Amino acid sequence: MGAPDQLRSGGMQPAWLARLRWRQRGAWLWPTFVVTVLLDGAIVHELPMIGDRQSVYGGLLAGLILNVLAVLFCSRPGAMLLRRRRPDLPMGVARNYAGTTAVLLVSAAILGVGLLHRPTIDAQQRMLDEVVARAEAYIGDRAPAAFRADASHTDTFTILAGSLYRTCVPSRDGRRTYCVIVKPRLPLAQSVVFAGYEPNWLFAQGVG
């Protein structure tokens, strides 16, 4: 009985080793998942997909959600397609490969959208710089003396991106603000008008 037992044991060992090798080869999904979530957070912070800024935390959350959805909805269909070309792959390993590919594609998509959106952010920043420069020039020339001293300490609220902004500066004692409306698409001499003393934080509440 010893010899047959040894033969049976010897026959089982190669299959067990083969399964172990497959598991090791297919164990990339979750390490890749963690790395790509961290990468997505950095990408979204440096290259926002929408708006002009995004926190690292917001980027991490976006990456986490998108990667989870990618694994849930793409790993099984991807594994089925992969096994059509590689029928020798165990289903679990094929799903691992497909899930890994999916999360990598998510990062690539986030990077692509961020790069496409970057020129818009740069254009908005150039417009904002122009708005602030016009506001500072107007305030430094026409505002009461109590406000001209801090004409470079501006607070700008975007009413309509690209065409209408409200910029305020504090008085010397910090108790009041002097505000102007800036329309950067108009000629320089006509683009800035006085807009009262209501601070932007209070003005924004009325707009909202």
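Starting afresh in each chain, residues are numbered from 1 along the sequence in its written order. Where totals are concerned, whole chains, interfaces and linings use all residues; where local detail is concerned, this predicted model gives features only for residues with pLDDT of at least 70, and gives and counts side-chain atom pairs only at 80 or more. Computation of side-chain values: all heavy atoms of the structure, hydrogens and water removed.

**Some points on helix H4 (residues 91–142)**
Consideration 1: Secondary structure counts use DSSP, requiring at least four H or I residues in a row for a helix and at least two E residues in a row for a strand, with both numbered from the N terminus. Take the residue count of a helix, subtract one, and multiply by 1.5 Å to get its expected span. An ideal rise of 1.5 Å per residue puts 76 Å on 52 residues; H4 measures up with 74 Å between its terminal C-alpha atoms.
Consideration 2: What is called the bend at a residue is the angle between a pair of axes, fitted to the seven residues leading up to and ending at it and to the seven starting from it. The axis of H4 is deflected most strongly, by about 35°, at His117, and proline Pro119 appears within four residues downstream.

**Here's the deal with helix H3 (residues 56–85)**
Consideration 1: Taken as a whole, H3 carries its principal kink of about 45° at Cys74; the proline Pro77 stands between one and four residues after it.
Consideration 2: Here H3 has its buried residues at Gly58, Gly59, Gly63, Asn67, Ala70, Val71, Ser75 and Ala79.
Consideration 3: Any two residues whose heavy atoms approach within 4.5 Å at even a single point are treated as in contact. At its buried positions, H3 is contacted by helix H2 (29–46) and H4. For every residue, the accessible area (1.4 Å probe, protein chains only) is compared with the maximum for its type, and the residue is labelled buried under 20%, exposed over 50%, or partly exposed between those bounds.

**What about the sheet that holds strand S1 (residues 155–160)?**
Consideration 1: Strands are treated as partners if at least two bridges between them are detected by DSSP. Strands sit in the order S1-S2-S3-S4 across an open sheet of four strands; the sheet is antiparallel. Each end of this open sheet is capped by a strand with a single partner; those strands are S1 and strand S4 (192–194). Strand-to-strand, the axes of this sheet are offset by a mean angle of 25°, without reference to chain direction.
Consideration 2: Axis definition: a line fitted to C-alpha atoms, over the contacting stretch in the case of helices. Angles run 0 to 180 degrees between N-to-C directions. Lying over the sheet, H4 contacts S1, strand S2 (164–170), strand S3 (177–182) and S4, oriented at roughly 125° with respect to S3.

**Here we look at the environment of Gly114**
Consideration 1: Within the secondary structure, Gly114 is located in helix H4.
Consideration 2: We classify Gly114 as buried; its relative accessible area is 1%.
Consideration 3: Discounting chain neighbours no more than four positions away, the residues touching Gly114 are Leu47, Pro48 and Met49.

**Let's talk about the packing of aromatic side chains**
Consideration 1: The aromatic pairing rule takes the rings of Phe, Tyr and Trp, using the six-membered ring of Trp, and pairs them if the centres are within 6.5 Å, calling planes under 30 degrees apart stacked, those over 60 edge-to-face and the rest tilted. Per the stated rule, a full pass over the model turns up seven aromatic pairs.
Consideration 2: Geometrically, the ring pair formed by Phe147 and Tyr178 is tilted, given 5.5 Å between the ring centres and 40° between the ring planes. Of this pair, Phe147 sits in helix H5 (residues 145–148) while Tyr178 sits in strand S3; the two residues are 31 residues apart in sequence, bridging distant segments of the chain.
Consideration 3: We classify Tyr178 as buried; its relative accessible area is 6%.
Consideration 4: Judged by centre distance (5.3 Å) and plane angle (65°), the ring pair of Phe194 and Tyr197 falls under edge-to-face.

Honestly, that's just the spatial picture; any functional story needs more than this.
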